[in-house]
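Residue-level structural notes
Below are the chains, spelled out letter by letter.
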Amino acid sequence: MATQEQDSQGTQQLDHQYQGVTKRAVVSSFIFRFPPGQPTKPAVALFKRSEKVRTYRHHLAPISGNIDPTDPNPLAAAWRELREETTLTPSDLSFWRTGKPFTFSDPSIDREWTVHPFAFRFKDPTEGGQGEEAIHTDWEHERWQWYDPRSVLEDESLTTVPRLQDSLRRVWFEGATNERAGKALAAGLERLQADHETGAHELTAIALVVFRDFVVHMQHDLSERWWDTVRMAAWHLIKNGRESMGAATQNALLSVLAEMEEILEQKTGPEQKWDRILALIDFHLKSRKNNGEQVEDSFVSYLRSNFMSGGIQKDKITILTISSSSTIRDSILDAYDSLGIRTLELRILESRPLFEGVNIAASILSTFKSRSDSHDKHLYVRIYTDASAALAAKDADIVLLGADHISATKGVSNKTGSLPLVLSAKHVTPSAKVVVLSALEKVNGSAGVIDDELVESNDPFEVLSAWRRDGVKGVRVLEDGIKGSQWENQNHSVTVENIYFEWVPLDMVDAFICEEGVLEKDGIQEKSGELGERVNRFFGSL
């Protein structure tokens, strides 16, 4: 933790760097505590700034600080400030929510602030948390205490740093909505965050249902304030649901918002507008199935033009895939049925640590066996360990990938193991076609809510539990090492990385197949630019 002298020197250096410039980007981190069995009645910690700080002395504030050039992103800056000012680390806290950044000016100190709000939760003792005893404040704070967040929003007598209520409202949206709407959105976000089995297509349907429930509970006067609240709810579903798989949710909600805006501008009564708003959300939910069928049709056309044209009729095709994209699962057998190919050899990597590959293999096999017209066809399923990607790629016709997120600059984000699979296939079987099968809704906007640089690091327990079940020797030693890593006096550390997604560059993809057919790289860039404009239109002013 930095000393007062070191921190003061750092601030002086920062002031010198920004001499003559009044703009600052800062993080604003709220710490929440939830009583056992009362998830809707949290308390939030506020800290009284000391006499020694430069600005807003004796004002109540969350844990705040500048975003330094060395911070890889605002969230990293938030964790750094928490550690420096309270000694709290991921051992004590879990990241909860991101709030939409906003900018305001404070003429009293000739400063413009861009605030990046975040919310963190105290870990339960069952999760290894120590509770409030773990808080040790530094010289920047006189004291701290717990507050009812609703009273913070409503009590004008509190002496707080400027716009604290706006920052709090952006992470604790329950304070900006009625109770039923707040509960519906909070429960929906938790459901999306906890779902590590469902694909992006299904998660988007879940997000639309949550959005509909929120809108129903927010039924009011369809005023400008109502519209702002509804748009912010959509932003939260994209950002604080499952962001790494949220591109499809972003596209779907933007489409819904665009049509809602048209309805709100119609010269009809509130009741007619209300009925049309609910009807359009229902329409979007029902039409999602059609999008998948269009992608399947495009896949059949691609296979026919590449493997059955020029008078050449293949009797067998070998497809190698990874993970459990529902689009891939549904497309493989439908394409197989539509073509005159007798034998399909399907090679699937197991996809550790959740073994989604094993699940998709079982699902495809069960579906194939249930079809009465499959007696003259032969499905040959081979399941490989993830480490066997190069062996699995030998003589493959197609390496078939799904997509959870498509970026015009980064490429295709898919299950970890996708990049080694593609690299192995290009080395072992250069003739194999790398094909991405995905709806256009997975494309992220050039200035979207979704962060292309996001790395979703998941619970190491998922990896450790597999080792335990298999009786791997040395697991106990590693677990002790992980616990020991929390103490500064240790000369060793152990971490278990459980990262779900990685990028495959677009240049490594031979064909991107969507509902519109085969899309070129320029088409992805164009789509990304259009989405960026729509994101700014609906979320830029919030």
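Note: the structure precedes this text.
Everything in this summary refers to the structure shown in the same document. (Residues numbered from 1 in each chain as written. Predicted model: local features only at pLDDT ≥ 70, side-chain atom pairs only at ≥ 80, totals over all residues. Heavy atoms only, no water.)

A few points about the packing of aromatic side chains
Each aromatic ring pair is summarised here by two numbers: the centre-to-centre distance and the angle between the ring planes. Our working definition: Each Phe, Tyr or Trp ring, with Trp reduced to its six-membered ring, pairs with another whose centre is within 6.5 Å; inter-plane angles below 30 degrees give stacked pairs, above 60 give edge-to-face pairs, and intermediate values give tilted ones. Residue exposure (1.4 Å probe, protein chains only): buried if accessible area is under 20% of the type maximum, exposed if over 50%, otherwise partly exposed.
Scanning the entire structure with this criterion turns up 14 aromatic pairs. Between the aromatic rings of Phe102 and Phe104, the centroid separation amounts to 6.0 Å while the plane-to-plane angle is 20°, which identifies the pairing as stacked. The burial state of Phe102 is the same as that of Phe104; both residues are buried. A ring pair is formed by Trp144 and Trp146, whose centres lie 5.4 Å apart and whose planes are at 85°; its orientation type is edge-to-face. Using a relative accessible area of 23% as the deciding quantity, one classes Trp144 as partly exposed.

Focus on the side chain of Asp106
Here is the rule we go by: Starting at the N terminus, helices and strands are each numbered in turn, a helix being any DSSP run of H or I of at least four residues and a strand any DSSP run of E of at least two. The sign given to each residue is positive for Lys and Arg and negative for Asp and Glu; His and the chain ends receive no count. When a carboxyl oxygen of Asp or Glu is within 4 Å of a side-chain nitrogen of Lys or Arg, the pair counts as a salt bridge. By the criterion applied in these results, polar contacts are pairs of N or O atoms within 3.5 Å in which, for protein atoms, one can donate a hydrogen and the other can accept it, and in which residues neighboring in sequence qualify only through two side-chain atoms. Residue contacts are counted whenever heavy atoms from the two residues lie within 4.5 Å of one another.
Counting through the fold element by element, Asp106 comes out in strand E6 (residues 102–106). For the buried residue Asp106, which engages in no salt bridge, the nearest side chain bearing the opposite charge is Arg111, 8.6 Å off. Of the polar contacts made by the side chain of Asp106, one reaches the side chain of Tyr56; its length is 2.5 Å. Excluding its chain neighbours within four sequence positions, the residues that come into contact with Asp106 are Tyr56, Arg111, Trp113 and Pro162.

Digging into the nonpolar core
The test is simple: Among buried residues, those of type Ala, Val, Leu, Ile, Met, Phe, Trp, Tyr and Cys that are joined through side-chain atoms within 4.5 Å constitute a nonpolar core.
Within the largest apolar cluster, 78 residues are counted, with the highest numbers of intra-cluster contacts made by Phe211, Trp226, Leu257, Met260, Ile277, Leu401 and Phe539. The residues touching Phe539, leaving out its near neighbours within four places in the chain, are Lys100, Arg231, Ala234, Trp235, Ile238, Leu254, Leu257 and Val449. Residues Leu303, Leu333, Ile341 and Leu344 belong to the second largest nonpolar core, which totals 31 residues.

Some thoughts on the sheet that holds strand E14 (residues 411–415)
Note the cut-off: When DSSP locates at least two bridges between a pair of strands, those strands are taken to pair. Every axis in this analysis is a line fitted to C-alpha atoms, fitted for helices over the stretch in contact. Angles between the N-to-C directions lie between 0 and 180 degrees.
Here 3 strands make up an open sheet; going across it, the order is E13-E14-E16 and the pairing antiparallel. The sheet is open, and its two borders are formed by strand E13 (405–407) and strand E16 (501–504), each paired with just one other strand. Strand-to-strand, the axes of this sheet are offset by a mean angle of 30°, without reference to chain direction. Across 4 bridges, E14 lies against E16 in antiparallel orientation. Within E16, the position partnered with Lys415 by the bridge is Phe501. On top of the sheet, helix H13 (residues 418–428) reaches E14 and E16; it is set at about 35° to E16, its chief contact.

With respect to empty space enclosed by the protein
What counts is decided by this rule: Here a cavity denotes a set of grid points, spaced 1 Å apart and computed over the protein atoms alone, in which a 1.4 Å probe fits but from which it cannot get out, and a pocket denotes an open set meeting protein on both sides within 12 Å along at least five of seven lines; residues with an atom within 4 Å of a point are reported as lining. Grid points are joined across faces, edges and corners, and a volume is the space filled by probe spheres set on the points. When residues are grouped by polarity, Ala, Val, Leu, Ile, Met, Phe, Trp, Tyr, Cys and Pro land in nonpolar, Asp, Glu, Lys and Arg in charged, and all others, Gly among them, in polar. Segment limits for the domains were obtained from an automatic or database-derived domain assignment.
This model, assessed by the stated rule, comprises 3 cavities of 30 Å³ or more. As a volume, the largest cavity reaches approximately 270 Å³. Surrounding the largest cavity, 25 residues form its lining, Gly199, Met245, Ser323, Ser324 and Asp404 being those nearest its centre. Every element with two or more residues in the lining of the largest cavity is listed here: helix H6 (200–217), helix H10 (326–338) and E14. Classifying every residue of the lining of the largest cavity by side-chain character gives 7 nonpolar, 11 polar and 7 charged. Counting contributing residues per domain, the lining of the largest cavity is built from domain 2 (179–289) and domain 3 (292–448 + 502–540), each supplying no fewer than three. Of the voids in this model, the second largest cavity is the one considered here, and its volume is about 60 Å³. Taken together, Phe299, Leu303, Ile317, Ile319, Ile332, Ala335, Tyr336, Leu339, Ile341 and Leu344 form the lining of the second largest cavity. Taken together, the elements giving at least two residues each to the lining of the second largest cavity come down to helix H9 (270–307), strand E9 (316–322) and H10. With 3 residues, the single largest contributor to the lining of the second largest cavity is H10. Of the residues contributing to the lining of the second largest cavity, the split by class is 10 nonpolar, no polar and no charged.

Examining the packing of H6 against helix H8 (residues 247–264)
Using the following cut-off: The sense of a crossing depends on the near helix, which, turned anticlockwise from the far helix by less than a right angle, makes the crossing left-handed and, turned clockwise, makes it right-handed.
Taken N-terminus to C-terminus, the directions of H6 and H8 make an angle of 35°; their axes are 8 Å apart at the nearest point. The two elements H6 and H8 cross, and the hand of that crossing is right-handed. Residues Ala200, Leu203, Thr204, Ala207, Leu208 and Phe211 of H6 form the contact with H8, whose own contacting residues are Ala248, Thr249, Ala252, Leu253, Val256, Leu257 and Met260.

Topic: the sheet that holds strand E17 (residues 511–514)
If you trace the 7 strands from one edge of the open sheet to the other, you get E11-E10-E9-E12-E15-E17-E18, paired in mixed fashion. The open sheet terminates on both sides in strands that have one partner only, identified here as strand E11 (378–384) and strand E18 (517–519). Direction aside, the axes of adjacent strands within the sheet are offset by 30° on average. Relative to E17, strand E15 (residues 433–437) is paired through 3 bridges, and the arrangement is parallel. Among the inter-strand pairings, Val436 is bridged to a residue of E17, identified as Phe512. Contacting strand E10 (343–349) and E11, helix H11 (residues 356–370) crosses the sheet at an angle of about 170° to E11.

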